[in-house]
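# Results of the structural survey
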4 protein chains.
Amino acid sequence: MPPLIHQAATDIHASRWFNSNEELSLKSLLGRVVVVHAFQMLCPGCVSHGIPQALKTHTLFSSDEVVTIGLHSVFEHHEAMNDISLAAFLHEYRVDFPVAVDQQRTGSPIPHTMHAWGLQGTPSLIIIDREGIIRLNHFGRLDDMFVGKLISQLSAGQAPLKPSSPAKTNKPENCDDKGCRI
Amino acid sequence: MPPLIHQAATDIHASRWFNSNEELSLKSLLGRVVVVHAFQMLCPGCVSHGIPQALKTHTLFSSDEVVTIGLHSVFEHHEAMNDISLAAFLHEYRVDFPVAVDQQRTGSPIPHTMHAWGLQGTPSLIIIDREGIIRLNHFGRLDDMFVGKLISQLSAGQAPLKPSSPAKTNKPENCDDKGCRI
Amino acid sequence: MPPLIHQAATDIHASRWFNSNEELSLKSLLGRVVVVHAFQMLCPGCVSHGIPQALKTHTLFSSDEVVTIGLHSVFEHHEAMNDISLAAFLHEYRVDFPVAVDQQRTGSPIPHTMHAWGLQGTPSLIIIDREGIIRLNHFGRLDDMFVGKLISQLSAGQAPLKPSSPAKTNKPENCDDKGCRI
Amino acid sequence: MPPLIHQAATDIHASRWFNSNEELSLKSLLGRVVVVHAFQMLCPGCVSHGIPQALKTHTLFSSDEVVTIGLHSVFEHHEAMNDISLAAFLHEYRVDFPVAVDQQRTGSPIPHTMHAWGLQGTPSLIIIDREGIIRLNHFGRLDDMFVGKLISQLSAGQAPLKPSSPAKTNKPENCDDKGCRI
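Residues numbered from 1 in each chain as written. Chains lettered and ligands numbered in written order. Predicted model: local features only at pLDDT ≥ 70, side-chain atom pairs only at ≥ 80, totals over all residues. Heavy atoms only, no water.

## Focus on the overall build of chain A
The cut-off we apply is this: In DSSP terms, a helix is any run of H or I states spanning at least four residues, a strand is any run of E spanning at least two, and both are numbered starting from the N terminus. Radius of gyration here is computed from C-alpha atoms only, and the compact-globule reference equals 2.2 Å multiplied by the residue count raised to the power 0.38.
Across its full length, chain A carries 4 helices and 9 strands. Counting from the amino terminus, helix and strand elements in chain A follow one another as β-β-β-α-β-α-β-α-β-β-β-α-β. In summary, chain A has a C-alpha radius of gyration of 18 Å against a globular reference of 16 Å for 182 residues, a match within 12%. Judged by the C-alpha coordinates and their principal axes, chain A covers about 55 × 40 × 30 Å.

## Examining the interface of chain B and chain C
Definition in use: Any two residues having at least one pair of non-hydrogen atoms within 4.5 Å are treated as being in contact. For any pair of parts, buried area is found by adding up, for both, the accessible area (1.4 Å probe) each one loses once the two are put together. Polar contact is the term for a pair of N or O atoms within 3.5 Å; when the atoms are in protein, one must be able to donate a hydrogen and the other to accept it, and sequence-neighboring residues count only if both atoms are side-chain atoms. Here, any two strands with at least 2 DSSP bridges between them count as paired.
Chain B puts 23 residues into the contact, and the matching count from chain C is 23 residues. Across the chain B/chain C interface, buried area totals approximately 1,800 Å², and carbon plus sulfur atoms make up 59% of it. Counting the contacts that link chain B with chain C gives 0 residue pairs in polar contact (both at pLDDT 80 or more). Of all the secondary-structure elements, those providing two or more residues to the side of chain B that touches chain C are strand S6 (121-122) and strand S9 (180-181) of chain B. Note that S9 of chain B and strand S6 (residues 121-122) of chain C share 2 bridges and pair antiparallel. Counted as the bridge partner of Arg181 of chain B is Gly121 of chain C from S6 of chain C.

## Regarding the sheet that holds strand S1 (residues 7-8) of chain D
Residues and elements named next belong to chain D. The line we're drawing: Throughout, an axis means a line fitted to C-alpha atoms (over the contacting stretch in the case of helices), and angles, computed between N-to-C directions, take values from 0 to 180 degrees.
Ordered by their spatial adjacency, 7 strands build an open sheet running S1-S8-S7-S3-S4-S5-S2, and the pairing between neighbours is mixed. The open sheet is flanked by S1 and strand S2 (14-18), the only strands paired with a single partner. Pairing geometry for strand S3 (residues 33-39) and strand S4 (residues 66-72), over 7 bridges, is parallel. By the bridge assignment for S4, Val34 is matched with Val67. Sheet strands touched by helix H1 (residues 44-60): S3, S4 and strand S7 (124-128). Its angle to S3, the strand with the most contacts, is close to 160°.

## Regarding helix H4 (residues 144-155) of chain D
Residues and elements named next belong to chain D. Stated precisely, the cut-off is as follows: What a helix should span is 1.5 Å times the count of its residues minus one. Buried, partly exposed and exposed residues are distinguished by accessible area as a fraction of the type maximum, computed with a 1.4 Å probe on protein chains only: under 20%, between the cut-offs, and over 50%, respectively.
The end-to-end C-alpha distance of H4 is 16 Å, a good match for the 16 Å that 12 residues give at a rise of 1.5 Å each. Here H4 lies mainly inside the structure; 12 of its 12 residues are buried. Measuring from the backbone nitrogen of Met145 back to the side-chain oxygen at the start of H4 gives 2.9 Å, which picks out Asp143 as the cap. Taken from the residues just after H4, Gly157 is the one with a positive phi, measuring 80°.

## Remarks on the relation of the copies chain B and chain C
Cut-off, in case you're wondering: The least-squares superposition of copies is restricted to C-alpha atoms, and to residues with a pLDDT of at least 70 in both copies.
With an RMSD of 0.0 Å, the fit of chain B onto chain C corresponds to turning through 180° and sliding 0.0 Å along the axis. Within this description, the copies of the chain are treated as partners about a two-fold rotation axis. In this assembly the copies share their binding face: 100% of the residues contributing to the interface of chain B also contribute to that of chain C.

## Here we look at helix H2 (residues 83-92) of chain A
An α-helix turns once per 3.6 residues; consequently, residues spaced three or four apart project the same way. Those residues of H2 of chain A lying buried are Ser85, Leu86, Ala88, Phe89, Leu90 and Glu92 of chain A. Of the residues flanking the end of H2 of chain A, it is Arg94 of chain A, one or two places downstream, whose phi is positive at about 55°.

## Quick notes on the environment of His6 of chain C
Residue and element names in this part refer to chain C. Tracing the backbone shows His6 in the segment before strand S1 (7-8). Take His6: its relative accessible area is 57%, and that puts it in the exposed class. The contact partners of His6, leaving out residues within four places of it in the chain, are Ile133, Ile134 and Arg135.

## A closer look at the state of the cysteines
All names here are of chain C. What counts, and what does not: Two cysteine sulfurs form a disulfide in these notes if their separation is within 2.5 Å.
Summed over the entire model, instances satisfying the criterion amount to 4 disulfides over all chains. The residue that forms a disulfide with Cys43 is Cys46, at a sulfur-sulfur distance of 2.5 Å. Residues Cys43 and Cys46 are joined through a disulfide that is right-handed, its torsion about the S-S bond being 80°. For Cys46, a relative accessible area of 1% gives the class buried.

## Some words on unusual backbone geometry
For the peptide bond that leads from Thr122 of chain B to Pro123 of chain B, omega is -5°, which places it in the cis range. With respect to the element layout, Pro123 of chain B can be found in the loop between S6 and strand S7 (124-128). Here the phi dihedral of Arg94 of chain A falls at roughly 55°; this positive angle occurs in a residue that is not glycine. Residue position: Arg94 of chain A is located in the loop between H2 and strand S5 (99-102). A positive phi angle, near 50°, is found at His77 of chain B, a position not held by glycine. Note that His77 of chain B resides in the loop between strand S4 (66-72) and helix H2 (83-92).

## Describing the environment of Gly140 of chain D
Secondary-structure assignment places Gly140 of chain D in the loop between strand S8 (133-139) and H4. As a C-alpha pair, Gly140 of chain D and Ile51 of chain D span 89 residues in sequence and 12 Å in three-dimensional space. Gly140 of chain D has contacts with Lys178 of chain A together with His49 and Pro123 of chain D, leaving out every residue within four places of it along the chain.

## Concerning the pairing of strand S5 (residues 99-102) of chain D
Residue and element names in this part refer to chain D. Spelled out, the test is: The definition of a right-handed crossover adopted here requires that, viewed with the strands pointing away, the path from the first strand over the helix to the second runs clockwise.
Both faces of S5 are covered, namely the face carrying Val99 and Val101 and the face carrying Ala100 and Asp102. In the sheet, S2 pairs with S5 via 4 bridges, with the strands oriented antiparallel. Residue pairing across strands places Phe18 opposite Val99, the latter belonging to S5. In the sheet, S4 pairs with S5 via 3 bridges, with the strands oriented parallel. Residue pairing in the sheet places Gly70 in a bridge with Val99 of S5. Read as a crossover between parallel neighbours, the route from S4 over helix H2 (residues 83-92) to S5 is right-handed.

## What about the sheet that holds strand S4 (residues 66-72) of chain C?
Residues and elements named next belong to chain C. Pairing is mixed across the open sheet formed by 7 strands, whose spatial order is S1-S8-S7-S3-S4-S5-S2. Looking at the sheet topology across the chains shown, the edges are occupied by S1 and strand S2 (14-18). On the sheet, helix H1 (residues 44-60) packs against strand S3 (33-39), S4 and strand S7 (124-128) and is oriented at approximately 160° with respect to S3. Across the face of the sheet, helix H2 (residues 83-92) comes into contact with S2, S3, S4 and strand S5 (99-102) while running at roughly 30° to S2.

## Here we look at the packing of aromatic side chains
Convention followed: Ring pairs are drawn from Phe, Tyr and Trp, using the six-membered ring of Trp, whenever the two centres fall within 6.5 Å, and their geometry is named by plane angle: stacked under 30 degrees, edge-to-face over 60, tilted for the rest. Remark: a charge is flagged as sitting over a ring if the NZ atom of Lys or the CZ atom of Arg is within 6 Å of the ring centre and within 35 degrees of the ring normal.
Inspection of the entire model under this criterion finds 8 aromatic pairs over all chains. Aromatic ring contacts, followed pair by pair, group Phe39, Phe89 and Tyr93 of chain A into a single cluster. Its guanidinium or amino end placed over the ring of Phe61 of chain A, Lys149 of chain B lies 4.8 Å from that ring's centre, counting from NZ or CZ.

## Regarding the pattern of salt bridges
Operational definition: Each reported salt bridge corresponds to a side-chain nitrogen of Lys or Arg within 4 Å of a carboxyl oxygen of Asp or Glu.
The full count for this structure, using the stated rule, is 16 salt bridges over all chains. Notably, a salt bridge pairs Asp129 of chain A with Arg135 of chain A, separated by 3.6 Å at the nearest N-O pair. Both residues of the pair, Asp129 of chain A and Arg135 of chain A, count as buried. Taking the shortest distance from any N to any O, the salt bridge between Asp83 of chain B and Arg16 of chain B comes out at 3.8 Å. Here the residue Asp83 of chain B occupies a position in helix H2, and Arg16 of chain B occupies one in strand S2 (residues 14-18), the gap between them amounting to 67 residues. On the basis of relative accessibility, which here comes to 26%, the residue Asp83 of chain B falls in the partly exposed class. Each of Lys56 and Asp144 of chain A together with Asp143 of chain B takes part in one network of salt bridges that share partners.

Take a look at the structure:
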């Protein structure tokens, strides 16, 4: 499991918001945990893993305590992933949480928020605690149970930078995912 | 998601323990959350869902705060699921958390703890809070993120009997799991 | 498993082809089995099931005997699923078999080939035998093993309209996908 | 995909048969394709992959042409995987095709048929053509579509030792199973 961090969060720079009547700012969300799923609508890992996980965090946690936000951080195929395409994508995948379109920057394919937060790619999961500090900034897949635990801990005001006991690991055997060898 | 309950927990009646040098009692575990996965080694849903989830809860949470226990509650094919078979099963599936063999009762196929707790079948997930009260008693499958959230909340001393806001649901569309209809 | 049919196949009407230097016609493919995966790039079931299955049929069967073709049959969100978006989609999902863009019709959202073949939606799998006859026209998901069997049979010149023996079914038990009930 | 082979098949040595009124012999099955799934009831890969695939081959193919057989080749935990346990396992997993218990040998943990056929472990898939020749002898997992194709080809009397054209492969990209890297 990825270690927790302590990184100041500049605000989201969005050229547009979907599924929200207002522009959300991290400042206005202080006191709540903010779960940001950075994605691209044509990134296979985002579609198969990131979006379903974001739909779960949005459904499972009360919006009084935890806010799930999508961040459409396009760094390739910009023309193919424009706002019209994104609107259709959000409709087809039934994404009903607020989604910010990460603002493009002149002279760089990497959009503004993605650059400022130092994201490595998509999908990335960024979790911000109630004080507005980034505690997780993870590129790739993360297990649902770990995510459920971390959000709950931060929501309860717990913010362990280190696990309280060494991780347990199962040792290898002659039976693995492939089968049992003689 | 299943509602939380408030049910007194009689202690586990075990004819034998695996992966533990001592008999565990709920009394000695007061102050920690206890996660009991009731299973049968030849129950398909237990093998595909319950055991993997139990391995996750055991790995993810510190044993200072959360204890994962397997409960082998055999109510059919008793001869086929004896202690010798169970030992091999636990080895092959790399189960390294404590497992209690639920004590058989004379004149009934339903073993002792299963009967006392009113379990409906296997797999069942029983989660006991730090005060020794059963808060969840669920037959069947449960989502990993929900389980991660609930254990974390109980571990933090939070015990919501009701969710703090109405659940969100996605409305049906013309595109579903099967495809998109014209 | 869906029954086989015997339906004349009008040719594919494409406004454009991807991954092919020439326009493919069913006439020029006579003598080979043609496997057509009709999809929309923003249809969830197509992305999770149809495209991966089409990649498998393309990889598994020799192009001397079996030709896999994608058919982008857009009947909704036309603006969002244009050729620029489709090109990026095919790149991201590594689709390397020929893909025809189903020609739009004036006055109807349903494109030309989709209408002519009577497709019900996306994903649809259409399998055409060596004589150019549609033998399968199925909306939704189909098991990989069934698809592998049917393509092989048609490729060998076998075309059973009926299975040669009654299908076997497993009878229900007290243990199902959810678990084992007492 | 694994290459096809041409290996003489000694007959199955079974101490007992389940789901069959008679002992099956390969000689009596000449003219039909025989699909043998070698497994151990406590082997995780067998339970999650091999048994479901065997249930599919049994359901999908007519028994006039293809016979699916389970081979319980126990080479470890012999006491735990005895006939009583196996009977319960077959019932719980709804295995309704014939299953042979591979005969134990004095002085070796490896049972008779497993030894004679040179199996590497469990699960193994052994496919025997209509002339009684082993054409596939594979340890581990195999894709369902490949299995469906191979059985169909052998059932049609086709027995390609080599694929008729070079295999196609998708080249790596910046987007992989983990996500899309910048």
